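Listed below, chain by chain, are the residues.
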Amino acid sequence: TEAIGLYNLGQSCCLNSLLQVFLMNIRFTRILRRITVPSSPAQRRNSVPYQMLLLLEKMQCGKCKAVGPRDLACCLSEHRVKLFVQHDAAQLFLTLWNLLKKQMKKPELVAELSDLYTICIQEHLACQKCSFEIKSNSTMLTLPLPVLDANSHRLKTLEDCLQYFFHPEELTGLNMCFCQQCGRKTTFLQSMKLVHLPQTLTLHLKRFCFERSSHTHKLSHPLPFPQELDLREVLTENQCQADDSEKATWQYELFAVIAHSGSTSCGHYCAYIQSLTECKWYCFNDSEVCQVSWDDVKCTYGHSSLYWRETAYLLFYMKKHPQ
């Protein structure tokens, strides 16, 4: 039951951090334990869910402080996931999840995996000259939250980022859309509305900023995030497209933080995760694992003048009262 680290295979800190977040999630491991074991040795070597299950068992049965995820890493390389390179945690999270979903053969497990992580959003486009509207639903694995507004002003809290993401935007000038009813391009109001939230809600703080010169820099200003998050109190009625029974489950508790330290060209990831069985926070820094306090986790809020310090990049919230 002791928290076990993962050895760094060479710039594998991003992969290690994400694996710890997956495998410390009891709801995820319940799904993983019910997968169909591939029949042939070659299929087993190339199955991401199976290799992840083997790693989980190795971590739970072993008595050493850390284990090596070499077999899983080799499996991922067969699916064009590069090894020994720096990864972006949000992109690698999406890649891992897609591979898991694609290779889980049982439809009921795929459905459970989607329920566990998938966010449903409604995009709403309304012509400002007539009554023409377009509505379309889409799913997302993470909510990509800007940490700056359109005028490059810093958003001060996580709640501000969420409100800004769902704030309506007027599409004018070059961004105007063609209106079928007006027969020409007109100004549209674009808005996003929340339809459904999963058991595990993943928020991506867009800390890496791309400039016109193709140079990427990191936005490290302070951005507090709460231990408990109630989306009903954060979003307005106009930002939601859900009934009361759905909204009643929108109360969350912070489960994990993946933090990035260093610069965009030379960085390091680690994970802060709250054990669901012990209700204690741990820091998973590759092979090193230690118990930490909430004050230690708050150190990942960010710091304006210390961009190389740890800064929260992915936040994972767990439903307090799942249906």
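Keep in mind the model is a prediction, meaning the values are calculated, not measured. (Residues numbered from 1 in each chain as written. Predicted model: local features only at pLDDT ≥ 70, side-chain atom pairs only at ≥ 80, totals over all residues. Heavy atoms only, no water.)

Draft legend 1. Expanded view of the pattern of salt bridges. Applying the stated rule across the entire model yields seven salt bridges. Across the salt bridge formed by Lys65 and Glu288, the nearest N and O atoms sit 2.7 Å from each other. Of this pair, Lys65 sits in the loop between helix 4 (48-61) and strand 2 (66-67) while Glu288 sits in strand 17 (residues 288-292); the two residues are 223 residues apart in sequence, bridging distant segments of the chain. Here Glu288 falls in the partly exposed class, since its relative accessible area comes to 46%. Between Lys298 and Asp295 there is a salt bridge, with the nearest N and O atoms lying 3.4 Å from each other. Of this pair, Lys298 and Asp295 both sit in helix 11 (residues 294-298), separated by three residues, roughly a single helical turn. (Salt bridge = Lys/Arg side-chain N within 4 Å of Asp/Glu carboxyl O. Helix = DSSP H or I, 4+ residues; strand = E, 2+ residues; numbered from the N terminus. Buried < 20%, exposed > 50% of the residue type's maximum accessible area, 1.4 Å probe, protein only.)

Draft legend 2. Just the domain arrangement of the chain, in detail. The domain architecture assigned to the chain consists of domain 1 (1-118) and domain 2 (141-166 + 199-322). Of note, the centres of domain 1 and domain 2, computed from C-alpha atoms alone, are 22 Å apart. In this complex, domain 1 contributes 31 residues to the contact, which on the side of domain 2 involves 34 residues. Both faces considered, domain 1 and domain 2 share a buried interface measuring about 2600 Å² in area, 66% of it formed by carbon and sulfur atoms. (Domains from an automatic or database assignment. Contact = heavy atoms within 4.5 Å. Buried area = accessible area lost by both parts, 1.4 Å probe.)

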